[in-house]
Amino acid sequence: MTKTSISRFYKFAKPTLLAAVLLLTGGKWYSYVAHAESPFDDVGASLNAMMPGPINRYGCGMLRKRFGDLPIPPKGCDVDGQWK
């Protein structure tokens, strides 16, 4: 491979890899907030806790609709041990 072809490859590979990571992460997050059997799934709760404010609030709202009767909210959806 020449230096030019490697440069072209990286120009294409970086955005493609970033898009793939975002889609996989976003898909796992949505699967957790919309379909999880338990709100205490470690990976899903961690992803939800790392999401920016509006996305986190949306996810916590979906979880609260489904699991609001639980006394302890999942990670990222609690304020002093209570649901946000």
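In this report, the structure presented in the accompanying data block is examined. (Residues numbered from 1 in each chain as written. Predicted model: local features only at pLDDT ≥ 70, side-chain atom pairs only at ≥ 80, totals over all residues. Heavy atoms only, no water.)

1. Digging into the overall build of the protein
Convention followed: Going along the chain from the N terminus, every DSSP run of H or I of four or more residues is numbered as a helix, and every run of E of two or more is numbered as a strand. Working definition: with a 1.4 Å probe on protein chains only, accessible area under 20% of the residue-type maximum means buried, over 50% means exposed, and in between means partly exposed. We call two residues contacting when some pair of their heavy atoms lies within 4.5 Å. Using a 1.4 Å probe, the Shrake-Rupley method yields the accessible areas, and only the shown protein chains count as cover for residues.
Per the secondary structure count, the protein includes 3 helices and 2 strands. Helices and strands in the protein line up, N terminus first, as α-α-α-β-β. Taken across its 84 residues, the protein has 26% of its residues classed as buried. Restricting to contacts in the protein with at least 6 residues of sequence separation, those with at least 24 account for 43%. About 6100 Å² of surface is accessible on the protein, with carbon and sulfur atoms providing 65% of the total.

2. Describing unusual backbone geometry
Of note in this structure, aspartate 80 is not a glycine but carries a positive phi near 55 degrees. Counting through the fold element by element, aspartate 80 comes out in the loop between strand S1 (78-79) and strand S2 (82-83).

3. Details of the packing of aromatic side chains
For any pair of aromatic rings, the description rests on two quantities: the centre-to-centre distance and the angle between the ring planes. Formally: Only Phe, Tyr and Trp rings are paired, with Trp represented by its six-membered ring, and only when their centres lie within 6.5 Å; those with planes under 30 degrees apart are stacked, over 60 edge-to-face, the remainder tilted.
Per the counting criterion, the structure on display carries 2 aromatic pairs. When the ring of tryptophan 29 is compared with that of tyrosine 30, the centres are 6.5 Å apart and the planes differ by 55 degrees; the resulting orientation is tilted. For tryptophan 29, a relative accessible area of 9% gives the class buried. According to the relative accessible area criterion, tyrosine 30 is partly exposed, its value standing at 41%. Residues tryptophan 29 and tyrosine 58 carry aromatic rings whose centres are separated by 6.4 Å and whose planes lie at 40 degrees to one another, so their mutual orientation is tilted. Linking tryptophan 29 in helix H1 (residues 3-35) with tyrosine 58 in helix H3 (residues 53-67), this pair joins segments that are 29 residues apart in sequence. For tyrosine 58, a relative accessible area of 47% gives the class partly exposed. Put simply, the rings of Trp29, Tyr30 and Tyr58 touch in pairs and so form one group of aromatic residues.

4. Describing helix H2 (residues 42-50)
In plain terms, the rule: To be clear, the arc concerns the directions from the helix axis to the C-beta atoms.
Within the span of H2, buried status applies to Gly44, Ala45, Leu47 and Asn48. Relative to the axis of H2, the buried residues are bounded by an arc of 160 degrees and lie together on one face. In H2, the exposed positions angled more than 90 degrees off the buried face are occupied by Asp42 and Met50.

5. Quick look at the nonpolar core
This is how it is decided: Nonpolar core, defined: a set of buried Ala, Val, Leu, Ile, Met, Phe, Trp, Tyr and Cys residues in which side-chain atoms within 4.5 Å join the residues together.
Trp29, Tyr32, Val33, Met62, Leu63, Cys77 and Trp83 are the most contacted members of the largest nonpolar core, which has 14 residues in total. Secondary-structure elements contributing two or more residues to this core are H1, H2 and H3. Excluding residues that lie within four positions of it along the chain, tryptophan 29 makes contacts with Leu47, Asn48, Met51, Ile55, Tyr58 and Gly59.

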